[in-house]
Amino acid sequence: QVQLVESGGGLVQAGGSLTLSCAASGSTLSIKAIGWFRQAPGVERAFVASRGWSGGSVYYANSVKGRFTISRDNAKNTVYLQMNSLKPEDTAVYYCAADTTGWGQYSYWGQGTQVTVSS
C-alpha cells in the first residue's frame, strides 16, 4: 500500500507561481512512477506531468510544458510540482498518483489540493 498526501494549493493571481508537494509513504519501494493530474469542475481529470520514481523519463501535458516542473526529493520521498506563469485555466483540484505496475496504471491517489488562479 502507498499513501499520498498533497499540500501547497491555494489562491494565486494569474502570472504567479505555486509549488505543490506530494508526500509518499508506505510501500514506496514499489512505486515505478509518480504523476500529477488535475480536475476542473465539470471536466474529466487530466494528466499534468509524470516522472519515473527513481528518475528517468519526465512527461508533461502540452498545456503546461515550459511552465510546470516535476521533481523529487529522494530523501523525503516527496514529489513537487513547481507551477510558474499560472493562468486562470490552471484552476483545478490537483492530485498526485502512484504507479506501481510500470504500465502507467495509477492505482494510488492522494486526496487532492485546490489551486485557484484569479485573473
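Structure first, text after, so check above.
These notes cover the structure that comes with them. Per chain, residues are indexed from 1 in the order of the written sequence. Local features in this predicted model are restricted to residues whose pLDDT is 70 or higher, and side-chain atom pairs enter the listing and the counts only when it is 80 or higher, whereas totals over whole chains, interfaces and linings include all residues. Water and hydrogen atoms were dropped before computing side-chain values, which therefore reflect all heavy atoms in the structure.

Focus: the state of the cysteines
Okay, so step 1: By definition, disulfides here are pairs of cysteine sulfur atoms that lie within 2.5 Å. What the rule picks out here adds up to one disulfide.
Okay, so step 2: One disulfide in the model links Cys22 with Cys96; its S-S distance is 2.0 Å. One disulfide, between Cys22 and Cys96, carries an S-S torsion of 65° and so falls in the right-handed class. Of this pair, Cys22 sits in strand S3 (residues 18–26) while Cys96 sits in strand S9 (residues 92–99), and the two are 74 residues apart along the sequence. Numbering of helices and strands starts at the N terminus; helices are DSSP runs of H or I of at least 4 residues and strands are runs of E of at least 2.

Some details on the pattern of salt bridges
Okay, so step 1: A side-chain nitrogen of Lys or Arg and a carboxyl oxygen of Asp or Glu constitute a salt bridge if their distance falls within 4 Å. Here the structure, examined in full by the defined rule, presents two salt bridges.
Okay, so step 2: Salt-bridge contacts for Asp90 lead to Arg38; the nearest nitrogen and oxygen are separated by 2.9 Å. Taken together, the residues Asp90 in the loop between strand S8 (78–83) and S9 and Arg38 in strand S4 (residues 33–39) connect sequence positions 52 residues apart.
Okay, so step 3: The rule is simple: take the accessible area with a 1.4 Å probe, protein chains only, and divide by the maximum for that residue type; under 20% is buried, over 50% is exposed, in between is partly exposed. Taking relative accessible area as the criterion, Asp90 reaches 0% and is therefore assigned buried.
Okay, so step 4: Take Arg38: its relative accessible area is 12%, and that puts it in the buried class.
Okay, so step 5: For Arg67, the salt bridge identified is with Asp90, shortest N-O distance 2.8 Å. Taken together, the residues Arg67 in the loop between strand S6 (58–60) and strand S7 (68–73) and Asp90 in the loop between S8 and S9 connect sequence positions 23 residues apart.

Observations concerning the pairing of S8
Okay, so step 1: The pairing of S3 with S8 spans six bridges and is classified as antiparallel. Looking at S8, one finds that Thr19 is bridged to Gln82.
Okay, so step 2: Summarising the sheet, S7 and S8 pair through six bridges and their orientation is antiparallel. In the strand pairing of S8, Asp73 is matched with Thr78.
Okay, so step 3: Only strands joined by at least two bridges in the DSSP assignment are considered to pair. In this structure, the hairpin formed by S7 and S8 is closed by a connection of four residues, where Asn77 is found at a positive phi of approximately 50°.

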